[in-house]
Amino acid sequence: MSAHSEIDLKTAARRGLLGRCPCCGQGKLMRSYLKPVENCAACGESFGQIRADDAAPWLTIILVGHIFLPLAFMVDVDWMPTWAAVAMWSLCLAGLSLAILPRAKSLFIAVLWQTHAPGYTPVELVEPA
Ligand SMILES: [Zn+2]
């Protein structure tokens, strides 16, 4: 039985969202802001071959542009100058985007790992060159 079938999708997604290895939940999944680790430092599971592609920016745009941006229009900022309101909301939404993007990427890597989605090839199945 492989590690993939022992870990359910919900657990893998939760671990990924927290930036942890979806297999063991101990090692870090990202080595820098948007770069996944090649292998988990704790369990050795391989993640370097998994490509999340545009999924993380897509989710970030959906969350920020379709949920948080409309909420910004509900907050009354008539007391501040327009330029200050635009600057404040721009900074808030940019910061929110920067916070969501790496979490979305690690979430998608965890889901791709657990589901063996197309494009994912387990290392043990890769023929040596
Ligand atoms: Zn691990």
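Residues numbered from 1 in each chain as written. Predicted model: local features only at pLDDT ≥ 70, side-chain atom pairs only at ≥ 80, totals over all residues. Heavy atoms only, no water.

Structural notes on the overall build of the protein
Line of reasoning, step 1. Secondary structure summary: the protein contains four helices and zero strands in total.
Line of reasoning, step 2. Helices (α) and strands (β) of the protein occur, in sequence order from the N terminus, as α-α-α-α.
Line of reasoning, step 3. When the 129 residues of the protein are sorted by exposure, 38% land in the buried category.
Line of reasoning, step 4. Nonlocal contacts in the protein, meaning residues at least 24 apart in sequence, comprise 60% of its contacts between residues at least 6 apart.
Line of reasoning, step 5. For the protein, the exposed area adds up to about 8200 Å²; of that, 65% sits on carbon and sulfur atoms. (Helix = DSSP H or I, 4+ residues; strand = E, 2+ residues; numbered from the N terminus. Buried < 20%, exposed > 50% of the residue type's maximum accessible area, 1.4 Å probe, protein only. Contact = heavy atoms within 4.5 Å. Areas by Shrake-Rupley, 256 points an atom, 1.4 Å probe, with all protein chains shown as cover.)

A look at the packing of helix α2 (residues 9–17) against helix α4 (residues 82–115)
Line of reasoning, step 1. Axis separation between α2 and α4 bottoms out at 7 Å; the angle between their running directions is 150°. Overall, the two elements α2 and α4 adopt an arrangement that is roughly antiparallel. The element α2 and its partner α4 pack so that their crossing is right-handed. Here Leu9, Ala12, Ala13, Gly16 and Leu17 of α2 come into contact with α4, specifically with Arg103, Ser106, Leu107, Ala110, Val111, Trp113, Gln114 and Thr115.
Line of reasoning, step 2. Grouping the constituent residues of the contact of α2 with α4 by class yields eight nonpolar, four polar and one charged. (Axes fitted to C-alpha atoms, helices over the stretch in contact; angles between N-to-C directions. Parallel < 35°, antiparallel > 145°, perpendicular 65-115°, else oblique. Left-handed = near helix turned anticlockwise from the far one by under 90°. Nonpolar A, V, L, I, M, F, W, Y, C, P; charged D, E, K, R; others polar.)

Section: α4
Line of reasoning, step 1. For α4, which comprises 34 residues, the first-to-last C-alpha distance of 47 Å matches the rise-based estimate of 50 Å (1.5 Å per residue) to within 8%.
Line of reasoning, step 2. Taken from the residues just after α4, His116 is the one with a positive phi, measuring 55°. (Expected span 1.5 Å × (residues − 1).)

Any functional reading would require information beyond the geometric quantities listed.
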